[in-house]
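# Report on the structure
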Amino acid sequence: MRLLAFLLPFFVLLFMVAPAQQLPVNSALLKDHWPASWITCPDVPLRGYGIYHFRKTFSLPQKPAQFIVHVTADNRYRLFVNGTPVCNGPARGDLYNWYFETVDIAPYLKDGANSIAALVWNMGEEAAVAQISNQTAFVLQGNGDQEKLVNTNGSWKVWQNKAYHACSQDNGARLRTYMVIGPGDSVQAALYPWQWEQTNYNDEQWLPARRLTSPALMGYGTDNMWTLAPRNIPLMEETQQRINSVRRTNGIQVPDGFLQGKQGLTIPANTTVSILLDQTFNTVAYPELIASEGKGATIKLTYAEALFGKQGKGNRNEIDGKQIAGNYDVFVADGGSKRLFRPLWLRTWRYVQLDITTKEQSLVVDDLYGMYTGYPFVQKAVFTSNDASLQDIWNVGWRTARLCAGETYYDCPYYEQLQYEGDTRIQSLISLYVTGDDRLMRKALLDFYYSRVPEGLTQGRYPSNRLQVIPPFSLFWVSMVYDYFMHRRDEQFVQQFLTAAEGVLNWYEQHIDSSRQMLGPMKWWNFTDWNKAFPNGVPDGATNGNSSVITLQYVYTLQQAAELFTYFKKMPQAERYRKIAASLSKGAYLACFDAGKSVMANTPERNTFSQHASIMGVLTGAIPAAQRQAVMRKVLYDTTLSQATFYYRFYLTLALKKAEMGQLYYSQLTPWRDMLKNGLTTFAENPDPTRSDCHAWSASPNYDFLATICGITPAAPGFRKVQVKPQLGELQQATGKMPHPDGEIVVSLEKKGAQGVQAEITLPVAVTGSFIWNGKTFPLKGGHQVIRL
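The rules behind each value
Residues numbered from 1 in each chain as written. Predicted model: local features only at pLDDT ≥ 70, side-chain atom pairs only at ≥ 80, totals over all residues. Heavy atoms only, no water. Helix = DSSP H or I, 4+ residues; strand = E, 2+ residues; numbered from the N terminus. Rg over C-alpha atoms; globule rule 2.2 N^0.38 Å. Contact = heavy atoms within 4.5 Å. Lys, Arg positive; Asp, Glu negative; His and termini not counted. Charge placed at Lys NZ, Arg CZ, Asp CG, Glu CD. Pairing = 2+ DSSP bridges. Axes fitted to C-alpha atoms, helices over the stretch in contact; angles between N-to-C directions. Disulfide = S-S within 2.5 Å. Buried < 20%, exposed > 50% of the residue type's maximum accessible area, 1.4 Å probe, protein only. Phe/Tyr/Trp six-rings, centres within 6.5 Å; stacked < 30°, edge-to-face > 60°. Lys NZ or Arg CZ within 6 Å of the ring centre and 35° of its normal. Core = buried A, V, L, I, M, F, W, Y, C linked by side-chain atoms within 4.5 Å.

A tally of regular secondary structure across the protein gives 15 helices and 38 strands. What you see for the protein is a C-alpha radius of gyration of 28 Å, in line with the 28 Å of a compact globule of 789 residues. Reported as C-alpha extents along the three principal axes, the dimensions of the protein are approximately 80 × 60 × 55 Å. Considering only residue pairs separated by 6 or more positions, the protein has 75% of its internal contacts joining residues 24 or more positions apart. Averaging the coordinates of the 75 positive side-chain charges in the protein and doing the same for the 67 negative ones gives two points 4 Å apart.

Take a look at the structure:
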């Protein structure tokens, strides 16, 4: 919230995506305590809802070449230097790892008077579930002697902003679903300290900040309120994104140039109007609304991924007979000029509705647009084929993955913004294949590592201020460690997780029912999939004992762990994991395989059947090789089996490949084609009726187009060797390019006749591998090669 600066320097946007960790951190500041103090506002409830402004003015004899500061706050902050927004944070973590950002503010400084200002907020009891907190506080530490004059201490000033109060607090009740992203912002412009971030603002009435405590770094301190750690991901991207279309109005005509920022929109006095805007695609952004005059006018902005009719969402492009429902913000104008409303936290929308009521003065909405934000992934992979419709799936899948990636991976950006292992495993693989950027995956692995409960399991989602344990997701965390091990070459990073992985696997070992050699009864939430036949996503036998699905997922993870522990020369553990895996595979197969139906049952009672049980039976090798193709045909075509949703189809694809039936993958894309036909611009959580229209676990085609159709997978730890085993199905041609730790891999395929293929393959020079086609294997060397069969 600030007075609009129309000409925001372009370098600000570039700075927003610069990796913070590239800047040097004074080594003395990574030990013990910082000289700066955590500061806060005096005489306020420090754990309640509140918005605060902190300021420091200072003078410099000349503009410095470099001026590095380290900054963080609880809950969050937005930092300004001489009125220009520089960064926001901190990256979400927990009290044990409270991240600080490192930024060079020299580009924004000048000789003479300067100011550093921070907007700090605490949502208190209204906070998003993903937000962990102690209490309201802010700290800024200069990197060295030059910068120490800006350290937070009693010389800083603070003001409590009483213009804000929480709104849209009943999202879950109104939408009748689980929604935990925090409240909306209701702002009374008349109470707002406009231009507070500008250097020449008069802060004489502000209070001296209260010193709270000394900032302690990781591994130091004895009475820590937060334990600081350097931010381990880049700053978020932020770029302007204009809204594309006016879909419906009531009581007003919108000028043609309004959405392009070329013409203001005037709402007469004593008028109520409604305007429905359509971004035309789902997005995540900070909306920025600029308004003038209109003293006392109320502007309500409501955000939604889709509109709702009597029959639900229906086709997302259609609006007739539908209304908007969702989270919202409110801005009450004060009659001033060019007031900028921007909510404290990002919003998700395809549709935005403005509901405006004016009083005695007309209101001018000068402009409205979004500032797109998210993790600054750069797409490096390319996929093309003779089927142009696959490009639409690729593009929508990538948009889905991007909107579900911020300071953590999100399950969904609209409803939860929580990082779950089940989702994150798929998201991480997409990131590796499409961008080659592993930093958010590394942070996720660490987040879950830090989340562990005394039983040895990870929490099912993290960061989170509410405890939720999903034991199968702990297994997927171990699978994520394995994935990183196979795709990257940081052995020290991987090795730190082995003890924690043992803890997860040992928890399951303690729950083995030795009489059946399957898992017995298990507590917590044993979520597997939002399959309609699984109550609350939990398969039969998970709670009461002898679930084939979860027993075999445990086997799947044990097999991966055995490879991990063998590589790190932990032979006793590796041998034990192989032995347990073999025993449980045999036990589950003998107890649950129904020869008459040629599928795995969910439990030894053999009275319920799902795709999931047979998927895991094939994927683990519990089902003998001679039976796998028959089983997978039943999985694909027997509709009496309870069905896998978009999420679990990731494992369906892996099972098809295990059964040497990957050629059928192309024919299994119907669910994604149907979502596109229904007007979705991101892929949904579940088939309709679905809650979330943007769920990254449904973006798996962006991995599979490269890993399955083009067939590119690691054949040795660290991707030191490559396997190219294409599964074209009915496609005649496909080309894929993806980043690799040593460069890039390019695979171009064209069918020749009924069984032949021409493959052009380029590997990084130091990498070797193999090409597999119709059961025949051919060696690959570094560089470019052509194979004709």
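Alright, that's what it looks like, and here's the rest.
So, about the sheet that holds strand β35 (residues 756-763). Spatially, the five strands line up as an open sheet ordered β26-β33-β34-β35-β38, and their pairing is antiparallel. Every interior strand has two partners, whereas the edge strands, β26 (382-385) and β38 (783-788), have only one. Adjacent strand axes in the sheet meet at a mean angle of 10 degrees, parallel and antiparallel pairs treated alike. Where strand β33 (residues 733-740) and strand β34 (residues 743-752) come together, eight bridges link them in antiparallel fashion. Bridge pairing in β34 places G736 opposite V747. Sheet strands touched by helix α15 (residues 701-709): β26, β33 and β34. Its angle to β33, the strand with the most contacts, is close to 105 degrees.

The next thing to look at is the state of the cysteines. Overall, the coordinates contain zero disulfides when judged by the stated rule. With no disulfide partner, C167 has as its closest neighbouring cysteine sulfur the one in C412, 20 Å distant. Residue class for C167 comes out buried when judged on its relative accessible area of 6%. No disulfide involves C694; its sulfur sits 3.8 Å from the nearest other cysteine sulfur, which is in C404. By relative accessible area, C694 is classed as buried at 0%.

This part covers the packing of aromatic side chains. The full count for this structure, using the stated rule, is 49 aromatic pairs. Taken together, a centroid distance of 5.3 Å and an interplanar angle of 80 degrees make the contact between F565 and Y577 edge-to-face. Of this pair, F565 sits in helix α9 (residues 548-567) while Y577 sits in helix α10 (residues 571-592), and the two are 12 residues apart along the sequence. Both residues of the pair, F565 and Y577, belong to the buried class. Over the ring of Y286 we find R342; its NZ or CZ atom is 4.0 Å from the centre of that ring. Here the guanidinium or amino end of K597 rests over the ring plane of F609, the centre of that ring lying 5.1 Å away.

Another point: the nonpolar core. One finds W477, Y651 and F771 to be the most contacted residues of the largest nonpolar core, which totals 150 residues. Core analysis: the next-biggest nonpolar cluster, separate from the first, contains 44 residues, I39, F67, Y108 and L217 among them.

By themselves, these figures tell us nothing about what the structure is for.
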